[in-house]
Amino acid sequence: MIDFKNVSYTYPYQSVPALRNINLHVGRGEALLLTGASGCGKSTVGRIVNGLIPEHFAGTLSGQVLIDGKELRDHAFHDMTQIVGSLFQDPEQQFLSTTVNDELRTALEWRGLSAKEIDEALHPVIDRLGLRSKLDDSLFTLSEGEKQKVVLASVLALKPRVLMLDEPTANLDPIAVTELCKLLRELKRDGMTLVIFDHRLYWLESLVDHVGILEDGQLAEHGDFQTLEKHRDRFGLRAVRGGMSNIEQGISNVEGNPPRPFGTPPKRGISPSLGFQVSSISFAYPRKAPLFEELSLHFPAGKITALCGTNGCGKTTLARLMIGLEKPKEGAFQLNEESIAGRDLLKTSSLVLQNTELQLYMRSVEEELTSAARAAGTPLDVNEILESFQLSNTRNRHPQSLSGGQRQRLVIACALLKNPKLLILDEPTSGLDGRNMRLLAGQIREAAERGAVVILITHDHELMNECCDLVLNCAITG
Amino acid sequence: MRDVSNSKASSSWMGQLDIRVKVVGLFTVSMMLIFIKNPVALLFLGACSSACLLSLKKYRVTFTIYALVLFGWVCSLGFSWLLEQLVSSMKEQSLVQTVTPFLRMWPLTNMGLAVSLSMEVGHSLGVLKKLRLPRIIYLPVMVALRFIPGFMNDVKQLRDCLRIRGIPVSIPQLVVHPLRTIRLLFVPLVIRALRLADELAVAAELKRVGYGKGPQLGRVRLRCNDHLFLAGIALALLVAWSLPRGGSNIECRTRNIECRRIGEEE
């Protein structure tokens, strides 16, 4: 179904090729996993598979690419979209509409289907992915996981022969990952070819037939799933083991010790009463049903609490309330036994959101760090910070020119420079390889050891096991 | 997160209108605004179009944009005054002269926002294709209209990010540190805007928008509301065109001052 023969590709205005002599074969109904460190060329392979290279991205493509037995260049791009369905890492990249229903229908309408045929194609997918209650919602109000489901539904409704998924589990909760895995197994059984690019490996063992490890644009290793285990340390990969049964229970034990249940008293000599107290808060967005009613929680200081739960249950909203970006209808907050509200919350806390592009403003990485330190009034050793976040070679680069992983690390470094008493990170490791995930875990752990209340909104079990002390599982009730 | 492109807006009376009617209305108003110079007429059209926009209940967005336009006008007044002080041959600008370009922008902004915030992009693309408009026209128009809610969402996120970082961005800050504030706002927004434009192009390509026969929409008939809306626009334009020029006295007075000054010099 997919054949790469000595494929190399160089992006425009770049001297170093993004891919070099890649050879791959994926048969019909097979599943291939491509993994590797951030920036190794996975997304570039994906862009070739779905035809965005050379149609949308110029540059130099050499070698032979065969899709469905036909040269890539001989496929018209709009016909390629009938063969290959794509799910990108950032689902917002694929939205053309503004409401869920319109988004799901658009591609089918442009294939010339009647309203009845569209309904027939969409209904099973909508039910399968649990989107029926969201059909009239605006895409901008959905959680990241829900957005991903919308894109997946719109792609599956088109019944492509190849499904290409780039970091499909980056924003999904454990139950959704289990469901996705089940769905993909069924699609594979029905003859669909799967090409998956992911850093998170634990969910893929029962699904993939071949794996490839990319390094600096080259296929460094190729084989079965066991190949990952053998070369894990060499390529800085994430954990490859972790039973799906554990995930279904809510919290997985990927490797190492399981996170302790919520409520374990803190150690390291910090008084258990210190921390961030949420007291009886109620909140609802305008013209929406209440999201929280009389919610009370305690997040201990010096501890890292993982806030997880199903997509769309209000984790990010809770974080926005806690740092003062939203105002609760009722209730109050206490930080280290003192009442705190409004601007004081913003002054003493930091929230790192998923969209890193909007969190970087200066002309160089160094200037970005200096500005963050100046705003917080904290002393700064630029070299030390750059080194500890492995950003030394980017010192004079424009922050917006960095890779996704580098931007993520820089944004977190800036947040830590504020020396916050409350630090909340929203999916900080989405799209990060194992090496960078462990690096971040260490930095987060240091912040907690300085006495901060640290909350991680995450579905990343490896990260939880790496650094979290407590887990708070949110659920939608009523 | 709060909704910047509320799906409820598409179920409002503006949202129920046929997209062809809205686009034709927007196009007609923008064409007429080239020729209408009467500030009273512009004021009248601005008020009518404001009513349309406000009916979508997107108050925060609406008033933020109005505040920006107002800020632009105040800046232009300030610069006009400064130029008069520095350049002696500079003609004195009346209030009406400085406000007219902003009054012209007002109905256009209202109509553009009202159309953008009350449409369903996918369906609208299909309907426009049925109008037999060339792809080169309807696709950029729709992508541009779709760009507005996405961009507004980015502006909202940027404001939150700056607040978290402890960087104040306000109109006083813009006046005190103009370059710094502009950089803080514009660098991420320009980068996001470029990426958003690229993403929308890829999203449209992947959905095969613009290729083949396009959607089977059957015969889409205009409804009573569509006809009423078109009639309302025509009536508003007619009234605006026939309104007496209220600002003329002020301009005459300005000219008199000029004459007197010239006379005094002589």
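As shown above, the structure is provided for reference.
Residues numbered from 1 in each chain as written. Chains lettered and ligands numbered in written order. Predicted model: local features only at pLDDT ≥ 70, side-chain atom pairs only at ≥ 80, totals over all residues. Heavy atoms only, no water.

A.B. asks: Go over the overall build of chain B with me, naming the residues and quoting the values.
C.D. replies: Each helix and strand counted, chain B has eleven helices and zero strands in total. Listed N to C, the secondary structure of chain B is α-α-α-α-α-α-α-α-α-α-α in terms of helices and strands. Within the span of chain B, comprising 266 residues, buried residues form 42% of the whole. Taking the intrachain contacts of chain B between residues at least 6 apart in sequence as the baseline, contacts between residues at least 24 apart amount to 81%. Surface accessibility of chain B: about 14000 Å² in total, with carbon and sulfur atoms responsible for 68%. (Helix = DSSP H or I, 4+ residues; strand = E, 2+ residues; numbered from the N terminus. Buried < 20%, exposed > 50% of the residue type's maximum accessible area, 1.4 Å probe, protein only. Contact = heavy atoms within 4.5 Å. Areas by Shrake-Rupley, 256 points an atom, 1.4 Å probe, with all protein chains shown as cover.)

A.B. asks: I'd like to hear about the overall build of chain A, residue by residue, with values.
C.D. replies: Counting secondary structure elements, chain A contains 17 helices and 20 strands. Looking at chain A as a whole, 60% of its 478 residues are labelled buried. Across chain A, contacts joining residues at least 24 apart in sequence account for 70% of those joining residues at least 6 apart. A total of about 18400 Å² of accessible surface is found on chain A, and carbon and sulfur atoms cover 46% of it.

A.B. asks: Explain the pairing of strand 15 (residues 330–335) of chain A residue by residue, including any values.
C.D. replies: Residue and element names in this part refer to chain A. As judged from the five bridges shared by strand 12 (residues 275–283) and strand 15, these two strands associate in the antiparallel manner. Counterpart to Q277 in the pairing with strand 15 is Q334. Note: strand 15 against strand 16 (residues 338–340), three bridges, orientation antiparallel. The partner of Q334 across the bridge, within strand 16, is S339. (Pairing = 2+ DSSP bridges.)

A.B. asks: Describe a nonpolar patch on the surface, naming the residues involved and giving the relevant values.
C.D. replies: Among the surface-exposed residues, F79, W81, L82, L83, L86, V87 and M90 of chain B lie close enough to one another that they form a single nonpolar patch of about 700 Å² accessible area. Along the chain, the position of V87 of chain B falls in the loop between helix 4 (59–86) and helix 5 (95–117). (Patch = residues over 30% accessible without salt bridge, like charges linked within 9 Å, V, L, I, M, F, W, Y side chains within 5 Å. Salt bridge = Lys/Arg side-chain N within 4 Å of Asp/Glu carboxyl O.)

A.B. asks: Before we move on, can you summarise the interface of chain B and chain A with the specific residues and values?
C.D. replies: The interface is formed by 56 residues belonging to chain B together with 64 residues belonging to chain A. Carbon and sulfur atoms make up 56% of the area that chain B and chain A hide from each other, which totals about 5600 Å². At the surface where chain B touches chain A, the tally comes to three salt bridges. In this structure, R165 of chain B engages E368 of chain A in a salt bridge whose closest nitrogen and oxygen atoms are separated by 2.8 Å. Run the count over chain B and chain A and you get five residue pairs in polar contact (both at pLDDT 80 or more). Among the elements of the structure, helix 6 (121–130), helix 7 (135–165) and helix 9 (178–206) of chain B are those that each provide at least two residues to the side of chain B that touches chain A. The element contributing the most residues to the side of chain B that touches chain A is helix 9 of chain B, with 16 residues. Its residues assigned to classes, the side of chain B that touches chain A shows 25 nonpolar, twelve polar and 19 charged. (Buried area = accessible area lost by both parts, 1.4 Å probe. Polar contact = N/O pair within 3.5 Å; in protein donor to acceptor, adjacent residues only side chain to side chain. Nonpolar A, V, L, I, M, F, W, Y, C, P; charged D, E, K, R; others polar.)

A.B. asks: If you had to explain the pattern of salt bridges to someone new, which residues and values would you point to?
C.D. replies: If you walk through the whole model with that rule in mind, you get 24 salt bridges over all chains. The partner of D68 of chain A in a salt bridge is R161 of chain A, with the nearest N and O atoms 2.4 Å apart. You can see D68 of chain A sitting in the loop between strand 4 (60–67) and strand 5 (70–71) and its partner R161 of chain A sitting in the loop between helix 6 (144–156) and strand 7 (162–166), a full 93 residues away along the chain. Residue classification places D68 of chain A among the partly exposed residues on the basis of a relative accessible area of 24%. A salt bridge links D160 of chain B to R320 of chain A, with the shortest nitrogen-to-oxygen separation between them at 2.9 Å. With D160 of chain B in helix 7 and R320 of chain A in helix 11 (residues 315–322), the pair connects residues from two separate chains. Comparing D160 of chain B with R320 of chain A, the two get one shared label, buried. Three or more residues are tied together by salt bridges with common partners; here these are R320 and E326 of chain A together with K156, R159 and D160 of chain B.

A.B. asks: Give a description of empty space enclosed by the protein that names residues and reports values.
C.D. replies: Overall, the coordinates contain three cavities of 30 Å³ or more when judged by the stated rule. Each pocket or cavity is described by its volume, and for the largest cavity that value is around 170 Å³. Among the elements that make up the lining of the largest cavity, the one with the highest residue count is helix 6 of chain A (four residues). Here the residues of the lining of the largest cavity sort into nine nonpolar, five polar and two charged. Empty space within the second largest cavity amounts to approximately 130 Å³. Along the walls of the second largest cavity sit 15 residues, with E92 and F140 of chain A together with R146, G150 and L196 of chain B positioned nearest its centre. Going through the elements one at a time, helix 7 and helix 9 of chain B are the ones with two or more residues in the lining of the second largest cavity. For the lining of the second largest cavity, the class distribution of residues is five nonpolar, four polar and six charged. (1 Å grid on protein atoms, 1.4 Å probe; cavity = no way out; pocket = protein on both sides within 12 Å on 5 of 7 lines; lining within 4 Å. Points joined across faces, edges and corners; volume = space filled by probe spheres on them.)

A.B. asks: Give me the sheet that holds strand 8 (residues 193–197) of chain A: which residues, what numbers.
C.D. replies: Residues and elements named next belong to chain A. Taken together, the six strands give an open sheet; going across it, the order is 6-7-8-3-9-10, and neighbouring strands pair in mixed fashion. In this open sheet, the two edge strands, each paired with only one partner strand, are strand 6 (84–87) and strand 10 (218–223). Averaged over all pairs of adjacent strands, the angle between their axes in this sheet comes to 20°, without regard to strand direction. For strand 7 and strand 8, the ladder comprises five bridges, and the chain directions are parallel. Counterpart to M164 in the pairing with strand 8 is V195. Across the sheet, helix 1 (residues 42–49) is in contact with strand 3 (31–36), strand 6, strand 7, strand 8 and strand 9 (210–215); its angle to strand 3 comes to roughly 145°. (Axes fitted to C-alpha atoms, helices over the stretch in contact; angles between N-to-C directions.)

A.B. asks: Any details on the environment of V21 of chain B? Residues and values, ideally.
C.D. replies: Residues and elements named next belong to chain B. Structurally, V21 can be placed in helix 2 (residues 19–35). V21 sits in the buried class, given a relative accessible area of 3%. In sequence terms V21 and L222 are 201 residues apart; their C-alpha atoms lie 8.3 Å from each other.

A.B. asks: Give me the sheet that holds strand 5 of chain A: which residues, what numbers.
C.D. replies: Residue and element names in this part refer to chain A. A sheet is described by the order of its strands in space; here four strands give the open sequence 2-1-4-5, paired in antiparallel fashion. Strand pairing shows two members of the sheet lacking a second neighbour, strand 2 (19–26) and strand 5, which therefore form its edges. Two elements, strand 4 and strand 5, share two bridges in a ladder whose sense is antiparallel. Following the sheet pairing, L66 is matched in strand 5 by E71.

A.B. asks: Could you give an account of the pairing of strand 9 of chain A, naming the residues involved and the relevant values?
C.D. replies: All names here are of chain A. Pairing of strand 3 with strand 9, which is carried by five bridges, proceeds in the parallel orientation. What sits directly across from L34, in strand 9, is G212. Across five bridges, the pairing between strand 9 and strand 10 is antiparallel. Directly across from E215, in strand 10, lies its bridge partner Q218. Connecting strand 9 to the next strand, strand 10, in antiparallel fashion are two residues, including D216 with a positive phi near 50°.

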